[in-house]
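Descriptive analysis of the structure
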Amino acid sequence: MNHYDIVTRVFAKLGNEKQLHEYHDCVFKMLGIVIDFISADGVSLKLSKGRHFNPLCDCLRHSVNGRELCRLQDGAAADNARLSKQVQIYTCYAGLVDIVVPLFSGNGVYLGCLTSGQFHIKDQPGPGRETFRKLAEKTGLDEQQLINHSSHTVELTTTQMEGLIDYLQLMGALVVSTHHNLMYMESVNTPDKIQLIRNYIHDNYSKPLTVESVAKKFFFTANYFSRMFHQTLGVGFNVYLSCFRVDKAKEMLRETDLAVGEVAFLCGFGSLSQFNRVFRNISGCSPREFRKKIS
């Protein structure tokens, strides 16, 4: 797989990250504005799923000329953010305030930018009648209709705008981290992925582990994860985990004086009855019987 294919797959997976969509929804509930991530190639994740746009912005983007003006201005703002490596705050051609936060990988590669906006700043003059007259001429839309749409624009205080920028930067750290992990997992081959998963199990066997939670940790669907794991190791995830936990339990029973219940807890079993059942199925005897034999 070449680098472009990897980047394309990573971007698609990034768009499925539930947490990013939840971040967007939180901001909309708090402030009534939208957030999006635009890749270095100019492709949108569509975190808003086309909903919640400012009515004026939505109206403009549904006209041919308005959509082209938006595209050109969005592209120029993203370029300015990329080249300056600084947050861009600007007023668009329709008089709406927009924010662009550029994101870079650890080695300085531009990944894209987080965008938000389509608002007015409270106590600062908004667009006047002349702005809407020119806007109507440029787009072929009705001037009064544009004014009516603009009246629904959200107003933020300067402090709220500063808080929004802080939020976007925190969200950006999540995007960069997730992007890095996805790029790594897409770049390594299957045996290496399985070894990473095995290492994770060995380091975390005492914690609650499920197919779903471990698959998510490594950015797989549960079904794909289960199939890949079984095809590579010849056993399913749950069997592998149970055998590893029992091996660790045997070490503790052999080398410590810990009670059987404590061993069960330290090896990640949810209850003593589960521990006894799994241990017997794998070893042919109970934990107590095993300790008695070796003593």
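Below: a short report on this structure. (Residues numbered from 1 in each chain as written. Predicted model: local features only at pLDDT ≥ 70, side-chain atom pairs only at ≥ 80, totals over all residues. Heavy atoms only, no water.)

**Regarding the pattern of salt bridges**
The following threshold applies: Salt bridge criterion: a side-chain nitrogen from Lys or Arg within 4 Å of a carboxyl oxygen from Asp or Glu. Helical segments are the DSSP runs of H or I of at least four residues, strand segments are the runs of E of at least two, and each set is numbered from the N terminus. Only protein chains enter the accessibility calculation, which uses a 1.4 Å probe; a residue whose area is less than 20% of its type maximum is buried, one above 50% is exposed, and one in between is partly exposed.
Scanning all chains against the criterion turns up 8 salt bridges. Arg 71 is the partner of Glu 68 in a salt bridge, and the nearest nitrogen-oxygen pair spans 2.6 Å. Here Glu 68 pairs with Arg 71, and both are found in helix α4 (residues 64-84), just 3 residues apart, close to one helical turn. Assessed through its relative accessible area of 34%, Glu 68 is described here as partly exposed. Linking Arg 133 and Glu 137 is a salt bridge whose minimum nitrogen-to-oxygen distance equals 2.6 Å.

**Digging into the packing of aromatic side chains**
So the rule is basically this: Note on aromatic contacts: the rings of Phe and Tyr and the six-membered ring of Trp form a pair at centre separations within 6.5 Å, being stacked when their planes are under 30 degrees apart, edge-to-face when over 60 apart, and tilted otherwise.
All chains considered together, the criterion is met by 11 aromatic pairs. On the numbers, 5.4 Å between centres and 70 degrees between planes, the contact of Tyr 205 with Phe 244 is edge-to-face. Of this pair, Tyr 205 sits in the loop between α8 (190-204) and α9 (211-217) while Phe 244 sits in helix α11 (residues 237-255), and the two are 39 residues apart along the sequence. No difference in accessibility class separates Tyr 205 from Phe 244, as the two residues are buried. Ring plane angle 80 degrees and centroid distance 5.8 Å describe the contact between Phe 229 and Phe 237, whose orientation is recorded as edge-to-face. The same class applies to Phe 229 as to Phe 237, namely buried. The rings of Phe 225, Phe 229, Phe 237 and Tyr 240 are connected pair by pair, giving a single aromatic cluster.

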